[in-house]
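# Notes for the structure review
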Amino acid sequence: MNKLVLTAAFAASVMVAGAADIYVSIETGKNKNDGSKEAPLKNLWKALEQAEHGDTIHVAEGIYPGKMKQNWFLIDKAVSIIGGYSKDFSERKPLEHRTMFQAQNANNDKKGSGLGVFHIEFDPKVSAPDGVDMKFDGLIFDEGFANSYHAIKGKPADLDTGMWLEGPAKNPADACVSPNRYLVYSASQNRATGKMSFKNCAFVNGGNIAMNINWYQGEIDVENCVFCNNRMIGASVVCTKRIPQDGPNRPKSGWSPEVTWTFKNNTVLFTWSRLNDLGDMGFGLRNNNGVSATIADNIIGLNVLTGYDNTKGSGAMKKQSIDGNVFFLNRESDIQMTISPSIAKVRVDEFEDLEGTDGIESIEDNEDLKDPAVFKGRINAAYLNNFLSMKYSESTKLDDDKCNGLRSVLGLPLQGTITTKCDMFCNRYPLEDALKLFGAMEGKGAQEIK
């Protein structure tokens, strides 16, 4: 065993040897308690302040608003957070005893600098931990009541809200503009190595990328989670370690990705574009340079642009195996990837054409949705109907002057104004219906939590 491996192994053993269990219950705890199961702390932020690398924080049911209701949590140590416990910690059923992060719009003006509801950024004054094993399990994130929605614009009669609004616009009924934050964010400055996993979690109504993970070296595992009605991207993983290159966009011979990303048995539905012109973004998933991704047995559908985006960076500097997934009704394509000099937008029945292209290790046994009945009673019918019948229009009003007259004669582009209109955009999706997506299809997508 070389010195580097010994050092990482020693660091990991130290973290495990000193690991503690901390218990939190917002309904029965007190911050003066010792954090034991019998005397839990009240607030998760308090537990995070007291925790050390390697500790596990067990969180009971309830809605956790953050310190001074700032609606975000700084995770600056390599800890695990496990939710879904009853108030007395006698049982754990995440969908029954819900550990929730469901902020309110009125608190969006509270001071704080978190880029995500969970903002993972290790203290720069302390050396980055090596050999970490961070677990996040049984947690529910919902920004549906933190966002601002238009009172009438883009509001079908049978939906609760109008379209999502980006600041500085807001509904007069809202106290604040939309927070426009990630649900989970791991900072690009992090230099930790090891593993971070997410299991049995729900990410709903995010006004920005739901899961934006920057990782230096190691593993990112996402399993049995629901991503529903988020903006721009459902989940994205980026390797922040420099890739040695022989030439532009070509890694050195023998190079292999430093981050492995496993995304298995998740359900990803209704990922919206960046703006209401539906012009860009709207990806269920995105892979990035330096990452080897295994995308398996997921349900990926109803995303505004594409189910899986592979256009960021160079295909030669990342890898992916895409096997056994169900893709359906993604608006423009099921996969889009760069095949120089253009971007290929491919439907699931044409995936065989992608075999052998840069970065594709395997792409087998993917299929379209064969039995739509699996979603009966599990997907919000009114939301689905409006999404499928969504109308988008664009009109142009040219400047009627001599300049445009001359441009027209010379065959040059005319100047004018463009008005776009979409009759829904990222409207709030009912959390109760999002949680019904667990167990919709046996073996595919998020399964029932046991």
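Residues numbered from 1 in each chain as written. Predicted model: local features only at pLDDT ≥ 70, side-chain atom pairs only at ≥ 80, totals over all residues. Heavy atoms only, no water.

Glancing now at the sheet that holds strand β8 (residues 132-137). Strand order in the open sheet formed by 10 strands is β1-β2-β5-β8-β13-β16-β21-β24-β27-β31, and the pairing between neighbours is parallel. Here the strands that pair on one side only, and so sit at the sheet edges, are β1 (21-24) and β31 (360-362). Across the sheet, the axes of successive neighbouring strands diverge by a mean angle of 15°, strand direction being ignored. The sheet contact formed by β8 and strand β13 (residues 193-199) spans six bridges and is parallel. In the sheet register, Met134 faces β13, and the bridge partner there is Met196. (Pairing = 2+ DSSP bridges. Helix = DSSP H or I, 4+ residues; strand = E, 2+ residues; numbered from the N terminus. Axes fitted to C-alpha atoms, helices over the stretch in contact; angles between N-to-C directions.)

Another point: the packing of aromatic side chains. Per the stated rule, a full pass over the model turns up 24 aromatic pairs. With centroids separated by 5.0 Å and ring planes inclined at 80°, the aromatic side chains of Tyr23 and Phe89 adopt a geometry described as edge-to-face. Taken as a pair, Tyr23 in strand β1 and Phe89 in the loop between β5 (80-85) and β6 (99-101) lie far apart in primary sequence, 66 residues in all. For the residue pair Tyr23 and Phe89, the accessibility class agrees, reading buried in each case. Measuring from ring centre to ring centre gives 6.3 Å for Trp164 and Phe425, while their planes differ by 70°; the resulting arrangement is edge-to-face. Placement of the pair is Trp164 in strand β11 (residues 164-165) and Phe425 in the loop between β34 (416-422) and α5 (431-435), with a sequence separation of 261 residues. Assessed through its relative accessible area of 2%, Phe425 is described here as buried. One aromatic cluster in this structure is built from Tyr64, Phe73, Phe101, Phe118, Phe136, Phe141, Phe198, Phe203, Phe227, Trp261 and Phe263. It is Arg92 that lies over the ring of Tyr85; its NZ or CZ is 5.8 Å from the centre. Above the ring of Phe145, the side-chain terminus of Arg428 is found at 4.2 Å from the ring centroid. (Phe/Tyr/Trp six-rings, centres within 6.5 Å; stacked < 30°, edge-to-face > 60°. Buried < 20%, exposed > 50% of the residue type's maximum accessible area, 1.4 Å probe, protein only. Lys NZ or Arg CZ within 6 Å of the ring centre and 35° of its normal.)

Looking now at the pairing of strand β7 (residues 116-120). Burial analysis of β7 places five of its five residues in the buried class, the great majority of the element. Across three bridges, the pairing between strand β4 (residues 73-75) and β7 is parallel. When the sheet's bridge partners are listed, Ile75 is paired in β7 with Ile120.

So, about helix α3 (residues 381-388). Every buried residue of α3 is listed here: Tyr383, Asn386 and Phe387. Down the axis of α3, the smallest arc covering the buried residues is 100°, so these residues share one side. Structurally, the start of α3 carries an N-cap: the backbone nitrogen of Ala382 is 3.3 Å from a side-chain oxygen of Asn380. (Arc of directions from axis to C-beta. Polar contact = N/O pair within 3.5 Å; in protein donor to acceptor, adjacent residues only side chain to side chain.)

Evaluated as defined, the whole model comprises 21 salt bridges. For the salt bridge of Arg231 with Glu166, the shortest nitrogen-to-oxygen distance reads 3.7 Å. Of this pair, Arg231 sits in the loop between β17 (226-228) and β18 (233-239) while Glu166 is found in the loop between β11 and β12 (182-186), placing the two residues 65 residues apart along the sequence. Residue Asp334 is joined to Arg347 by a salt bridge in which the shortest nitrogen-to-oxygen separation is 3.8 Å. Residue Asp334 is found in strand β29 (residues 333-339), and its partner Arg347 is found in the loop between β30 (342-346) and β31; the two are separated by 13 residues along the sequence. Judged by its relative accessible area of 30%, Arg347 is partly exposed. (Salt bridge = Lys/Arg side-chain N within 4 Å of Asp/Glu carboxyl O.)

Bringing the environment of Met317 into the picture now. Along the polypeptide, Met317 turns up in the loop between β26 (306-310) and β27 (319-323). We classify Met317 as buried; its relative accessible area is 3%. For the pair Met317 and Gly290, spaced 27 residues apart in the sequence, the C-alpha separation amounts to 5.8 Å.

So yeah, pure geometry; function would need other evidence.
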